[in-house]
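Tertiary structure, described
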Amino acid sequence: DYSTKSSPWLAHGNVSPRLIARECRRYEEERVENKSTYWVVFELLWRDYFKFFAKKHGDRIFYPSGTLGKESTHVNKRKWGMDPKHIQAWKDGTTGYPLV
């Protein structure tokens, strides 16, 4: 099981990411640096990055045109379909894909 089990406490503000990162550093200084403590701190950084990114850009993070508000010119860009039947299947979780 690869979880710190701290997500609910972080989400509700009962514990701060700084406290967890500080405790990881303290553990590394007193015992040993390892991949587990590295990844805990790394994931906390990503968590905060995306939280602030979403705060800055609001619901634009969900727009097909993204946060820049313009169509992509990337070679792998997707043309988003707005077929109501497909949208409803997505909402109902019946797309045929196990992960939506």
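Further up the page is the structure itself.
Residues numbered from 1 in each chain as written. Predicted model: local features only at pLDDT ≥ 70, side-chain atom pairs only at ≥ 80, totals over all residues. Heavy atoms only, no water.

Overview of helix α3 (residues 35-57)
Inclusion rule: Only DSSP runs of H or I reaching four residues or more are called helices, and only runs of E reaching two or more are called strands; each is numbered from the N terminus. To estimate how far a helix should reach, multiply one less than its number of residues by 1.5 Å. Residue burial is assigned from relative accessible area. The probe radius is 1.4 Å, only protein chains are included, and a residue is buried under 20% of its type maximum, exposed over 50%, and partly exposed in between. The contact criterion used is simple: two residues touch if any of their non-hydrogen atoms lie within 4.5 Å. Within 3.5 Å is the distance limit for a polar contact, defined as a pair of N or O atoms, with the added protein rule that one can donate a hydrogen and the other accept it, and that residues adjacent in sequence qualify only through two side-chain atoms.
For α3, with 23 residues, the first-to-last C-alpha span of 32 Å sits near the 33 Å given by 1.5 Å per residue. Those residues of α3 lying buried are T37, L44 and H57. Looking at the buried residues of α3, the elements they touch are α1 (7-11) and α2 (17-30). Here α3 starts with a cap whose side-chain oxygen sits 2.9 Å from the backbone nitrogen of S36, and that cap is N34. Just beyond α3, the residue with positive phi is G58, at close to 60°.

As for the environment of T94
Relative to the helices and strands, T94 is located in the segment after α4 (84-92). Its relative accessible area of 53% is what places T94 among the exposed residues. For T94 and S16, which are 78 residues apart along the polypeptide, the C-alpha to C-alpha distance reads 38 Å.

Thoughts on the side chain of T37
Its place among the elements puts T37 in helix α3. Within the structure, T37 has its side chain in polar contact with the side chain of E28 (distance 2.5 Å). Not counting chain neighbours up to four residues away, the residues in contact with T37 comprise C24, Y27 and E28.

A short note on the packing of α2 against α3
Where we set the bar: Orientation is described by lines fitted to C-alpha atoms, with helices fitted over the stretch in contact, and by angles between N-to-C directions that extend from 0 to 180 degrees. The cut-offs work like this: below 35 degrees is roughly parallel, past 145 is roughly antiparallel, 65 to 115 is roughly perpendicular, and the gaps in between are oblique. Less than a right angle of anticlockwise turn of the near helix away from the far helix marks a crossing as left-handed, whereas a clockwise turn marks it as right-handed.
α3 packs onto α2 with a crossing angle of 160° between their chain directions and a minimal axis gap of 10 Å. Judged on the interaxial angle alone, α3 and α2 are roughly antiparallel. By crossing handedness, the relation of α2 to α3 is classed as left-handed. On α3, the residues touching P17, I20, A21, C24, Y27 and E28 of α2 are T37, Y38, V40, V41, L44, R47 and D48.

Some thoughts on the nonpolar core
The tendency in soluble globular proteins is for nonpolar side chains to be buried side by side. This is how the line gets drawn: Buried Ala, Val, Leu, Ile, Met, Phe, Trp, Tyr and Cys residues that are joined via side-chain atoms within 4.5 Å together make up what is termed a nonpolar core.
Of all hydrophobic cores here, the largest spans six residues; its members are L10, V15, I20, A21, C24 and L44. Broken down by element, this core gets its largest block of residues, three residues, from α2. Every residue in contact with V15, bar those within four places of it in the chain, is listed here: W9, L10 and I20.

Quick look at a nonpolar patch on the surface
Which entries qualify depends on this criterion: Here, patches come from residues exposed beyond 30% relative accessible area and free of salt bridges, joined within 9 Å for like charges and within 5 Å for nonpolar side chains (Val, Leu, Ile, Met, Phe, Trp, Tyr). Per-residue accessibility takes into account occlusion by the displayed protein chains alone, with areas from the Shrake-Rupley method and a 1.4 Å probe. By definition here, a salt bridge exists when the distance from a side-chain nitrogen of Lys or Arg to a carboxyl oxygen of Asp or Glu is within 4 Å.
A cluster of nonpolar side chains, contributed by W46, Y49 and F50, occupies part of the molecular surface with about 330 Å² of accessible area. Positionally, Y49 belongs in helix α3. Residue Y49 is classed as partly exposed on the basis of its relative accessible area, which comes to 44%.

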